[in-house]
Amino acid sequence: MIRPGKFITLEGGEGVGKSTNLAVIESYLAENDVEYIVTREPGGTHLAEKIRDLILDNHDEPMDAATELLLVFAARAQHLNTKIRPAIAKGKWVLCDRFTDATYAYQGAGRELGERFISALEDLVQGELRPDLTVILDLEPATGLNRASQRGALDRIEQEQIDFFHRVRSCYLEIAAANPQRCALIDASKPLLAVRDQLLETLEQRLRIFLDER
Ligand code: Z5A
């Protein structure tokens, strides 16, 4: 019988270094001979990437917060059922750049929609499925936005006011504190190499048990 793969998510505010550190997790998995796929949210499939564009592009009318929330979960349903679940069922590990914690942080806290509707949609779309490990990169929002802005034009969400990103960060810190078994918090304000070392240590502590049971 095939042992289901593990589900790892990477989270944090703007410019915390997710893309940079995704590569660190990938090389750790490869060194440990794990068969894995890398994907992202919103997006990850052809249709879900179209929904991503709707969410992140600038439009000539403001997007309602509930519209944004429903689009995020529409993309997630597609992504989960056509890509993530099938990969896990085949024994592949899934490394996903953002997942539902981002919805709690951005739509729940940033847009101030609260947890109730997100929790209901999470149950509807995910059922019992939750990540096995979530790495949360933590950084003061002004620093992250500064890093992100050096990369080029800001998308619709990146153009929010700084208070929005403070609420996002606080929510991620609350999620990390409330779910210590699942979440590992990494200080992303340190230089790149120090963040990488901290991340590798975390992966070894949290994933060794899964690697050994294969
Ligand atoms: N969103 C949502 O609202 N609800 C949801 O449910 C989900 C998502 C799932 C897309 O995210 C957007 O979707 C996101 C939330 C929303 N908000 N926006 N906009 P994304 O993940 O695709 O994009 P992002 O958050 O904007 O990520 P990013 O800006 O690409 O940043 P990053 O990947 O975290 O950072 P990076 O590209 O690795 O690093 C940025 C720069 O900093 C780069 O030049 C690095 O070399 C540099 N860097 C990285 N680490 C360091 C350190 N330690 N020191 C110095 N410099 C560093």
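A quick note: this is a predicted structure, and the numbers were derived from the prediction, not measured.

*Asks:* Even after reading the chapter, I still don't get the site of the ligand, so can you show me in this structure?
*Replies:* Around the ligand sit 30 residues, and of these Thr-20, Arg-52, Arg-98, Thr-103 and Arg-151 come closest. Backbone polar atom of Gly-17 to an oxygen atom of the ligand: 2.9 Å apart, as the coordinates give it. Relative to its unbound accessible area of 1,100 Å², the ligand is 84% covered by the protein chains. If you list the elements that add at least two residues to the shell around the ligand, you get helix H1 (18-31), helix H2 (46-56), helix H3 (65-89), helix H4 (100-110) and helix H8 (192-212). In terms of residue count, the dominant contributor to the shell around the ligand is H4 (four residues). Counted by class, the shell around the ligand contains 12 nonpolar, six polar and 12 charged residues.

*Asks:* How should I be thinking about helix H5 (residues 116-126) in this particular structure?
*Replies:* Three or more residues of H5 are buried, namely Ile-118, Leu-121, Glu-122, Val-125 and Gln-126. Down the axis, H5 shows its buried residues gathered within 110 degrees of arc, on one side only. Opposite its buried face, H5 presents the exposed residues Arg-116 and Leu-124, each directed more than 90 degrees away. Just beyond H5, the residue with positive phi is Gly-127, at close to 60 degrees.

*Asks:* I would appreciate a short explanation of the sheet that holds strand S3 (residues 93-97) in the present structure.
*Replies:* Across a sheet, strands are paired by hydrogen bonds formed along the backbone, either parallel or antiparallel in direction. Taking strand neighbours across the sheet as the criterion, the five strands line up as S2-S3-S1-S4-S5 in an open arrangement whose pairing is parallel. Where the open sheet ends on each side, the last strands, each with one partner, are strand S2 (36-40) and strand S5 (183-187). For this sheet, the mean inter-axis angle between neighbouring strands, taken without regard to orientation, is 20 degrees. Pairing between strand S1 (residues 7-12) and S3: four bridges, direction parallel. Across the sheet, Phe-7 pairs through a bridge with Val-94, a residue of S3. Running at roughly 165 degrees to S5, H8 makes contact with S1, S3, strand S4 (133-138) and S5 of the sheet.

*Asks:* Looking at this structure, I do not really get the environment of Ala-105. What am I missing?
*Replies:* For Ala-105, the position within the fold is in helix H4. Judged by relative accessible area, Ala-105 falls into the buried class, the value being 0%. Spatially, the C-alpha atoms of Ala-105 and His-166 are 9.9 Å apart, while their sequence positions differ by 61 residues. Excluding residues that lie within four positions of it along the chain, Ala-105 makes contacts with Gly-110, Val-168, Cys-171 and Tyr-172.

*Asks:* Explain empty space enclosed by the protein to me, please; I cannot follow it from the model alone.
*Replies:* Once rolled over the atoms, a probe with the size of a water molecule shows which space is left empty. Tallying each qualifying case throughout the model produces one cavity of 30 Å³ or more. Computed from the structure, the largest cavity encloses a volume of approximately 110 Å³. As for the largest cavity, its lining consists of 15 residues, of which Gly-13, Glu-14, Leu-139, Phe-165 and Arg-169 are closest to the centre. Among the elements of the structure, S4, helix H6 (141-149) and helix H7 (162-178) are those that each provide at least two residues to the lining of the largest cavity. With four residues, the top contributor of residues to the lining of the largest cavity is H7. Residue composition of the lining of the largest cavity, by class: eight nonpolar, three polar and four charged.

*Asks:* What is the right way to look at the pattern of salt bridges in this model?
*Replies:* Once the charged atoms of two side chains with opposite charge are near each other, the side chains can pair. The final tally for this structure, using the stated rule, is 17 salt bridges. Across the salt bridge formed by Arg-40 and Glu-49, the nearest N and O atoms sit 2.7 Å from each other. The class of Glu-49 is partly exposed, set by a relative accessible area of 22%. Among the salt bridges present, the one from Glu-160 reaches Arg-111, with a minimum N-O distance of 2.8 Å. Here Arg-111 lies in the loop between H4 and H5 and Glu-160 lies in the loop between H6 and H7, a separation of 49 residues in the sequence. On the basis of relative accessible area, Glu-160 is assigned to the partly exposed category, the value being 29%.

*Asks:* What is the right way to look at the packing of aromatic side chains in this model?
*Replies:* Two measures describe an aromatic ring pair: the distance that separates the ring centres and the angle between the ring planes. Taken as a whole and assessed by the stated rule, the structure comprises three aromatic pairs. A ring pair is formed by Phe-7 and Phe-99, whose centres lie 4.9 Å apart and whose planes are at 80 degrees; its orientation type is edge-to-face. Taken together, the positions of Phe-7 in strand S1 and Phe-99 in the loop between S3 and H4 put the pair 92 residues apart, joining distant regions of the chain. Exposure remark for Phe-99: the relative accessible area of 2% places this residue in the buried category. Relative to Phe-164, the ring of Tyr-106 lies with its centre 6.1 Å away and its plane at 55 degrees, an arrangement referred to as tilted. With a gap of 58 residues between them, Tyr-106 in helix H4 and Phe-164 in helix H7 connect regions that are remote in the sequence. Assessed through its relative accessible area of 5%, Tyr-106 is described here as buried. Every member of this aromatic cluster is reached through a ring pair, and the members are Tyr-106, Phe-164 and Phe-165. The aromatic ring of Phe-73 is capped on one face by Arg-76, whose charged end is 4.8 Å from the ring centroid.

About the cut-offs
Residues numbered from 1 in each chain as written. Predicted model: local features only at pLDDT ≥ 70, side-chain atom pairs only at ≥ 80, totals over all residues. Heavy atoms only, no water. Near = heavy atom within 4 Å. Polar contact = N/O pair within 3.5 Å; in protein donor to acceptor, adjacent residues only side chain to side chain. Areas by Shrake-Rupley, 256 points an atom, 1.4 Å probe, with all protein chains shown as cover. Helix = DSSP H or I, 4+ residues; strand = E, 2+ residues; numbered from the N terminus. Nonpolar A, V, L, I, M, F, W, Y, C, P; charged D, E, K, R; others polar. Buried < 20%, exposed > 50% of the residue type's maximum accessible area, 1.4 Å probe, protein only. Arc of directions from axis to C-beta. Pairing = 2+ DSSP bridges. Axes fitted to C-alpha atoms, helices over the stretch in contact; angles between N-to-C directions. Contact = heavy atoms within 4.5 Å. 1 Å grid on protein atoms, 1.4 Å probe; cavity = no way out; pocket = protein on both sides within 12 Å on 5 of 7 lines; lining within 4 Å. Points joined across faces, edges and corners; volume = space filled by probe spheres on them. Salt bridge = Lys/Arg side-chain N within 4 Å of Asp/Glu carboxyl O. Phe/Tyr/Trp six-rings, centres within 6.5 Å; stacked < 30°, edge-to-face > 60°. Lys NZ or Arg CZ within 6 Å of the ring centre and 35° of its normal.

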